[in-house]
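Spelled out, the chains give:
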Amino acid sequence: MSELRDDQWFTEVFDSHGSAFSLKVSEKLLDVQSEYQHLEVYATETYGNLMVLDGCVMLTDRDNFLYHEMIAHPVLFTHADPKRVVIIGGGDCGTLKEVLRHEGVEKVTQIDIDEEVTKAAERFFPSLVESNHDPRAELLFADGVKWVDEAEDDSIDVLIIDSTDPVGPAEGLFKTDFLKRCHRILKPGGIMVQQSESPLYHSDSIIRELRGDMKKAGFESVATLPFPQPVYPSGWWSVTLAGKGVSVERFREEAATATQMPLQYYTAEVHRGALALPPFMRQAFAE
Ligand code: SAM
């Protein structure tokens with residue numbers, strides 16, 4: 001649920017958690033009802049531009065680096081040698097940009113259901129789309145669930161599910177059957193990562209269920225990495241990694257330490273720290 005108050009505050013209300021998040025806005029830049037969702041872009045006073053889908057904050061200029069670096073680099077530094085990468089969702093292209101920083105990656109296909117999101121990113125978030133013309137990048141606009149259904153067995157090294165919340169078009173991306181298909185299309189040693197909502201609000205619900213479903217789908221190793229995200233519900237978010245015949249609790253620390261990528265949040269130390277689960281999460285995930 002969202003509203004623009006008279007005094008120009010954009011507010012997203014998290015009814016089920018009795019909380020809300022507001023940003024002072026100076027202008028509404030875009031308001032489109034696409035075939036799939038309601039897309040808005042605002043100029044804010046202190047967070048740069050803000051993208052909203054169906055009333056939910058997707059990203060701002062100021063803090064999207066946290067999410068995009070944490071959904072891309074932990075999984076890519078955990079995989080032994082990622083060459084073939086697929087992103088489901090991610091239409092703002094911020095994740096794609098981070099993946100393309102890895103020189104060993106030979107091909108990345110991004111499948112977002114809604115081309116309007118990418119068009120809005122091109123107009124209002126130019127820094128996120130700056131790698132879109134990299135010859136290794138392929139952008140498709142289709143349902144990610146269907147794309148995964150039709151993909152070949154054992155064909156992908158890293159699968160990134162950069163979706164909206166598990167309602168509306170993204171609902172199918174959180175189902176056990178979908179996770180089974182993700183497992184099928186990953187090569188042995190392949191890893192998937194999924195944005196997995198708030199550690200504070202969802203550890204004993206969505207995250208716990210996702211982890212259980214990943215194990216049911218055949219993944220032997222699962223790890224949830226929390227990180228700060230000021231503009232999302234509770235200000236705290238997570239990604240969950242799942243390995244096909246490979247541990248996701250260890251990563252290529254030497255490579256992560258030596259990287260020259262110009263990153264703003266991810267480092268080998270941050271990765272190690274994120275793997276150390278706080279007790280309340282460990283308890284919520286206990287089987
Ligand atoms: N960082 C964001 C977050 O966690 O709230 C997610 C960013 S990204 C904008 C989410 C994208 O997922 C949207 O562009 C949406 O169109 C896409 N999406 C939702 N359901 C999808 C599906 N079934 N197949 C492909 N893309 C989907």
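Small disclaimer: the values here were computed from a predicted structure and weren't measured.

## Points about the UniProt feature "active site" (unreviewed entry) in the protein chain
Under the feature "active site" (unreviewed entry), the UniProt entry names Asp 162. Mapped onto the fold, Asp 162 is located in strand β10 (residues 156-162). Other than its neighbours up to four places away in sequence, Asp 162 contacts Ile 71, Ile 87, Ile 88, Gly 89, Gly 90, Thr 95 and Gln 195.

## A look at the nonpolar core
Counting residues in each nonpolar core, the largest one holds 73 residues, and the members touching the most others are Leu 50, Leu 159, Ile 160 and Val 193. Broken down by element, the residue count for this core peaks at eight residues, all from helix α1 (residues 64-78). The residues that make up this core include at least three from each of domain 1 (2-60) and domain 2 (64-285). What Leu 159 contacts, discounting residues up to four positions off in sequence, is Val 86, Cys 182, Leu 186 and Met 192.

## Details of the pairing of strand β8 (residues 107-112)
Relative to β8, strand β7 (residues 84-89) runs parallel, the two sharing five bridges. Its bridge partner being in β8, Ile 88 is matched across the sheet by Ile 111. Inspection of the sheet shows β8 paired to strand β9 (residues 137-141) by five bridges, in the parallel sense. Within the sheet, the bridge partner assigned to Gln 110 lies in β9 and is Leu 139. Following the backbone out of β8, through helix α3 (residues 115-124) and into the adjacent parallel β9, one traces a crossover that is right-handed.

Parameters at a glance
Residues numbered from 1 in each chain as written. Predicted model: local features only at pLDDT ≥ 70, side-chain atom pairs only at ≥ 80, totals over all residues. UniProt positions renumbered as here; feature names shortened; annotations may be inferred. Helix = DSSP H or I, 4+ residues; strand = E, 2+ residues; numbered from the N terminus. Contact = placed C-beta atoms within 7 Å. Core = buried A, V, L, I, M, F, W, Y, C linked by C-beta atoms within 7 Å. Buried ≥ 20, exposed ≤ 12 C-beta atoms within 10 Å, placed from the backbone. Domains from an automatic or database assignment. Pairing = 2+ DSSP bridges. Right-handed = clockwise from strand over helix to strand, strands pointing away.

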